[in-house]
Amino acid sequence: MSLQCGIVGLPNVGKSTLFNCLSNAKAQSANFPFCTIEPNVGVITVPDERLIRLGELCHPERGVIPTTVEIVDIAGLVKGASQGEGLGNKFLANIRETDAIIHVLRCFDDENVVHVDGSVNPVRDKEIIDAELQLKDLETVESRIQKCEKAAKAGGDKLAKLQLEVLAKYREALSQGRNARTVELDNKDQEAAARDLFLLTNKPVMYVCNVDEASAVSGNTYVEQVREAVKDEDAQVLVLAAKIESEIAELESYEERQMFLEEIGLQESGVNRLIKAAYALLNLRTFLTAGSDEVRAWTFRAGMKAPQCAGIIHTDFERGFIRAEVIKYDDFIALGGEAQCRAAGKLGIEGKDYLVQDGDIMHFLFNV
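None of the values given here were measured: they were computed from a predicted structure.

Quick one: what's the story with the overall build of the chain, residue by residue and with numbers?
Tallying secondary structure elements over the chain gives 14 helices and 12 strands in all. A burial count over the chain gives 48% of its 368 residues as buried. Counting contacts in the chain only where the partners sit at least 6 residues apart, residues at least 24 apart contribute 70% of the total. Here the chain displays about 18100 Å² of accessible surface, and carbon together with sulfur accounts for 47% of that area.

In structure tokens form, the structure reads like this:
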């Protein structure tokens, strides 16, 4: 399941530094705008402590295989991008291809790192990017309205009339400088119509406040300004210090990294928190397979049923699905393995309508 989060922001806010920490890729990081011109794509391992425990119990021959998510580092955007300024057209095309947005905001002062607008103001920076995306979305909405009006008048098209209702809501919001994701739709039919529009400001978003070392634990005034600015959006806010994260990434061992984190008062690195949050932002969950051959994490979308999840492993599993054997992770760990769970009656037999839960340990039976 290939899904992408795109890292966006103004130039010189720490996007490429953060991307390098996430993926260990060598995106060029420099103190001038547009040092990232082609989007860099990194396949990121999703940290999951459950895999470590399962590996210790099962001793798998082929080892432990985590799941992944793709992160894309997109060129910095400037005012006027919707009209093609800077690398605007490329930026907008790249961001349209992603499934969710990680919006990096500069929340630190450093006279040695220039700001494209001359001063540090994360709320202003957010509004610059919002405005450019909103203008592009408004252009999309106006174009679709014209097409739907013609279809509705010509043939009394019910779908076109439904789309017009949705488009009118979005046009009103965007014209007022609000993102599409703030619009409340009336029913599932409208929600389905909205998905077909692929609006940039309707993508799920997480704001990452890039702070200095002193603010890594508790944040700062800039972070509070961001929280206040996005309180009405359906969005997450995450605080990390990209400079510290780059130092952590250079440490060789897990023990060294943990000691470093403890010294600055953090229990977990910002990168780990970001990857987990990005995974959740994409509405992704993990089911597990565990045995003597391998322990493995598999990515699925929340709300998927057992046959669909079986198909993630192999299409034959879904085509010939019979049933699924399910053990809850906590039971597997507490009792010490599959055999013990069977003996204790903690192995569930589930059919085609079973909604798979995060952390389920699955074994699929099929026949083709």
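An account of the pattern of salt bridges is needed here, citing residue identities and associated values.
Counted under the stated rule, the structure contains 21 salt bridges. Between D293 and R62 there is a salt bridge whose closest N-O contact spans 3.8 Å. Of this pair, D293 sits in the loop between strand 8 (284-290) and strand 9 (295-301) while R62 sits in the loop between helix 2 (49-58) and strand 3 (64-65), and the two are 231 residues apart along the sequence. By relative accessible area, which is 57% here, R62 ends up exposed. In this structure, the salt-bridge partner of E233 is K126, at a minimum N-O distance of 3.0 Å. Pair noted here: E233 is in the loop between helix 7 (221-229) and strand 7 (235-240) and K126 is in helix 4 (residues 122-155), with a separation of 107 residues, a long-range link. Both residues of the pair, E233 and K126, count as buried. Each of R62, D293, E294 and R296 takes part in one network of salt bridges that share partners.

I'd like to hear about the side chain of K15, residue by residue, with values.
Mapped onto the secondary structure, K15 falls in helix 1 (residues 15-23). Despite being buried, K15 has no salt bridge partner; D73 is the closest side chain of opposite charge, sitting 5.3 Å away. Within the structure, the side chain of K15 is placed 3.3 Å from the backbone oxygen of L10, a separation counted as a polar contact.

Lay out the packing of helix 8 (residues 242-250) against helix 9 (residues 254-264) with the relevant residues and their values.
Between helix 8 and helix 9, the least distance of the axes is 9 Å, while the angle of their chain directions is 150 degrees. With respect to helix 9, the axis of helix 8 lies roughly antiparallel. Between helix 8 and helix 9 lies a crossing of right-handed hand. Contact residues: I244, E247 and I248 in helix 8; R257, F260, L261 and I264 in helix 9. Residue classes in the contact of helix 8 with helix 9 are distributed as 5 nonpolar, no polar and 2 charged.

The rules we used
- Residues numbered from 1 in each chain as written.
- Predicted model: local features only at pLDDT ≥ 70, side-chain atom pairs only at ≥ 80, totals over all residues.
- Heavy atoms only, no water.
- Helix = DSSP H or I, 4+ residues; strand = E, 2+ residues; numbered from the N terminus.
- Buried < 20%, exposed > 50% of the residue type's maximum accessible area, 1.4 Å probe, protein only.
- Contact = heavy atoms within 4.5 Å.
- Areas by Shrake-Rupley, 256 points an atom, 1.4 Å probe, with all protein chains shown as cover.
- Salt bridge = Lys/Arg side-chain N within 4 Å of Asp/Glu carboxyl O.
- Lys, Arg positive; Asp, Glu negative; His and termini not counted.
- Polar contact = N/O pair within 3.5 Å; in protein donor to acceptor, adjacent residues only side chain to side chain.
- Axes fitted to C-alpha atoms, helices over the stretch in contact; angles between N-to-C directions.
- Parallel < 35°, antiparallel > 145°, perpendicular 65-115°, else oblique.
- Left-handed = near helix turned anticlockwise from the far one by under 90°.
- Nonpolar A, V, L, I, M, F, W, Y, C, P; charged D, E, K, R; others polar.

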